[in-house]
Amino acid sequence: MADETYPQELKYFAEHDWVKVDGEEAVFGITWFAQDSLGEIVYADLPSAGESVSAGTTYGELESVKAVSEIYAPLSGEIVDVNGRLEDEPQLVNDDCYGDGWLIRIRMSAPDEIDSLMDADAYKAFLDHE
Amino acid sequence: MSVVRVLPFLRAGGGAQMALDDGLLDEAEAVVARRYTWAPPALSLGKFQKLERIPGLPFEVVRRPTGGRAVLHGEAFEWSFAVVFPQGALGEDHRGGVDTALPYDLVSRSFAAAFGEMGVVLDAGRETPYQRSALCFATALRHDLFARGEKVAAIAQARRGGRVLVHGSVLERRPPDELTQVAETLLDEPWQGEGLAAAGHIVDGEMLWRRVLARLDAGVRLLREGGRLRDERRDA
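Residues numbered from 1 in each chain as written. Chains lettered and ligands numbered in written order. Predicted model: local features only at pLDDT ≥ 70, side-chain atom pairs only at ≥ 80, totals over all residues. Heavy atoms only, no water.

Engineer: Explain the pattern of salt bridges to me, using residue names and the numbers behind them.
Structural biologist: Under the criterion given, the structure shown has 20 salt bridges over all chains. Linking Glu206 of chain B and Arg35 of chain B is a salt bridge whose minimum nitrogen-to-oxygen distance equals 3.1 Å. Highlighted residues: Glu206 of chain B in helix α5 (residues 205-224) and Arg35 of chain B in strand β3 (residues 31-38), separated in sequence by 171 residues. Among the residues examined, Arg35 of chain B registers a relative accessible area of 10% and is labelled buried. What you see here is one network of salt bridges that share partners, running through Asp22, Glu25 and Arg105 of chain A. (Salt bridge = Lys/Arg side-chain N within 4 Å of Asp/Glu carboxyl O. Helix = DSSP H or I, 4+ residues; strand = E, 2+ residues; numbered from the N terminus. Buried < 20%, exposed > 50% of the residue type's maximum accessible area, 1.4 Å probe, protein only.)

Engineer: Describe the sheet that holds strand β5 (residues 52-53) of chain A, with residues and values.
Structural biologist: In a beta sheet, neighbouring strands pair by backbone hydrogen bonds and run either parallel or antiparallel. All names here are of chain A. Strand order in the open sheet made by the 6 strands is β1-β2-β3-β9-β8-β5, with antiparallel pairing throughout. A single partner strand is all that each edge strand has here, and the edge strands are β1 (11-13) and β5. Summarising the sheet, β1 and strand β2 (residues 17-22) pair through 3 bridges and their orientation is antiparallel. Across the sheet, the residue bridging to Lys11 is Val19, located in β2. (Pairing = 2+ DSSP bridges.)

Engineer: Summarise the side chain of Asp105 of chain B; cite the residues concerned and give the values.
Structural biologist: All names here are of chain B. Tracing the sequence through the fold places Asp105 in helix α2 (residues 101-117). By relative accessible area, which is 10% here, Asp105 ends up buried. Excluding anything up to four places from it in sequence, Asp105 contacts Arg142, His143 and Leu229. (Contact = heavy atoms within 4.5 Å.)

Engineer: Describe the nonpolar core, listing the residues and the values that go with them.
Structural biologist: Residues Phe85, Phe111 and Phe115 of chain B are the most contacted members of the largest nonpolar core, which totals 37 residues. Counting only elements with at least two residues in this core, the list comes to β3, β7 (78-85), α2, β8 (145-147), β9 (150-160), β10 (163-171) and α5 of chain B. Ranked by residues supplied to this core, first place goes to α2 of chain B with 8 residues. Aside from chain neighbours lying at most four places away, what touches Phe85 of chain B is Val31, Leu90, Pro103, Leu106, Val107, Gly162, Arg163, Val164, Val166 and Val220 of chain B. One finds Ala26, Leu38, Ile41 and Ala73 of chain A within the second-largest nonpolar core, a separate group that totals 27 residues. (Core = buried A, V, L, I, M, F, W, Y, C linked by side-chain atoms within 4.5 Å.)

Engineer: Any chance you could break down the packing of aromatic side chains for me, citing the residues and the numbers?
Structural biologist: Per the stated rule, a full pass over the model turns up 15 aromatic pairs over all chains. Geometrically, the ring pair formed by Tyr12 of chain A and Tyr123 of chain A is stacked, given 5.0 Å between the ring centres and 10 degrees between the ring planes. Of this pair, Tyr12 of chain A sits in strand β1 while Tyr123 of chain A is found in helix α3 (residues 120-129), placing the two residues 111 residues apart along the sequence. For the pair Tyr12 of chain A and Tyr123 of chain A, a shared accessibility class is recorded, and that class is buried. With a centroid separation of 6.3 Å and 45 degrees between ring planes, the pair formed by Phe111 of chain B and Phe115 of chain B is classed as tilted. Taken together, the positions of Phe111 of chain B and Phe115 of chain B, both in helix α2 and 4 residues apart, correspond to about one turn of that helix. Given a relative accessible area of 1%, Phe111 of chain B falls into the buried group. Pairwise contacts between aromatic rings join Trp79, Phe81, Phe111, Phe115 and Trp209 of chain B into one cluster. (Phe/Tyr/Trp six-rings, centres within 6.5 Å; stacked < 30°, edge-to-face > 60°.)

Engineer: Lay out the pairing of strand β6 (residues 58-64) of chain A with the relevant residues and their values.
Structural biologist: All names here are of chain A. The element β6 is largely enclosed, with a buried count of 6 among its 7 residues. Looking at chain direction, strand β4 (residues 41-45) and β6 are connected through 4 bridges and run antiparallel. By the bridge assignment for β6, Asp45 is matched with Glu61. Sheet topology places β6 next to strand β7 (residues 68-72); 5 bridges connect them, and they run antiparallel. Bridging from a neighbouring strand, Leu62 pairs with Ser69 of β7. Counting the residues that bridge the hairpin from β6 to β7 gives 3 residues.

Engineer: Give me α5 of chain B: which residues, what numbers.
Structural biologist: Residue and element names in this part refer to chain B. Over its 20 residues, α5 runs 28 Å from end to end, which matches the ideal 28 Å to within 8%, given 1.5 Å per residue. Those residues of α5 that fall on the buried side of the exposure criterion are Gly205, Leu208, Trp209, Val212, Leu213, Leu216, Asp217, Gly219, Val220 and Leu223. Tucked into the core, α5 has its buried residues touching β1 (4-6), β3, β7 and α2. Capping the start of α5, Asp204 holds a side-chain oxygen 3.0 Å from the backbone nitrogen of Glu206, two or three residues further along. Backbone geometry just after α5 places Gly226 at a positive phi near 90 degrees. (Expected span 1.5 Å × (residues − 1). Polar contact = N/O pair within 3.5 Å; in protein donor to acceptor, adjacent residues only side chain to side chain.)

Engineer: Residue-level account of the sheet that holds strand β4 (residues 42-45) of chain B, with values.
Structural biologist: Residue and element names in this part refer to chain B. With mixed pairing, the 3 strands of this open sheet are ordered in space as β5-β4-β6. If you trace the sheet from one side to the other, it starts and ends with β5 (60-63) and β6 (71-73), each paired once. Each neighbouring strand pair of the sheet contributes to a mean axis angle of 30 degrees, computed without reference to strand direction. In this structure, β4 lies alongside β6, joined through 3 bridges in antiparallel fashion. If you follow Ala42 over to β6, its bridge partner there is His73. (Axes fitted to C-alpha atoms, helices over the stretch in contact; angles between N-to-C directions.)

Set out below in structure tokens:
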């Protein structure tokens, strides 16, 4: 597991998800803090491409050695891709949470929702304040 | 007055038991705890555990809302418990509003203290790498409790909508062979799980549970006041 880090180029959601905006699309994953809190991820239950997600609602679950936990969508849109590697290698979420451990990619339906997300400094302050 | 709402002991089938715990995970507004036994016997699977269904089994197969691996349940050899914590039940000062370890710690330490009060000497805490065993009692995670090398209490957790459900199973003795043999066939691995009896203990479940509840209540109060849990196995 890498050291605690929150890349500046990403946006963050209060449920401990990160967002990488890529044109009209956005990639979701969970933050270093989230994967560290959950412990070793042993199963990722993710939706399929073509399904829709809504900001602030759950779209899947992660099972770790500590808990089965819901995952929340930071933005709304249609899922265009799902990280299929997690089916056989769920621990990628721990090993590389901002890279190979990404969860889903969506085509945004309400891009202005990005404005409600935190930048890295705000997220770090959120973690320390809570 | 206790801050833990205690539900009556319930003897019922696995479907009803899991439906009740699922409902508590969705609805509980206070810390709720309950103890129960499974009648008829059942095999519970972790939420995402895969298993090919075979007709004509001598027990029900049900799925838990919590994670983990398969557990055989039955009133002749095992009892179960559930503790549900609504958001903020253990104080609000946890980093990021999330502390997956704290509910586990509280329940596990409450059981450890209660076992100690009843003369059961637990092994020092152990944690092995997550084993891909299909059997819960063949694995050793940080909050599980062991006596003389035998896993005597298994604990799992689910988090949903800000609430946390901590599930657990206390194995009093090895399940009957007619159940373990079918479980071995289903799960394709030899049975592991001898319980308290193999560690030399016969423990009254209701008496143990009452002591656990007292510890839980004290722990919730302590955490709400900003205190920290004490690990009696390490801090003594």
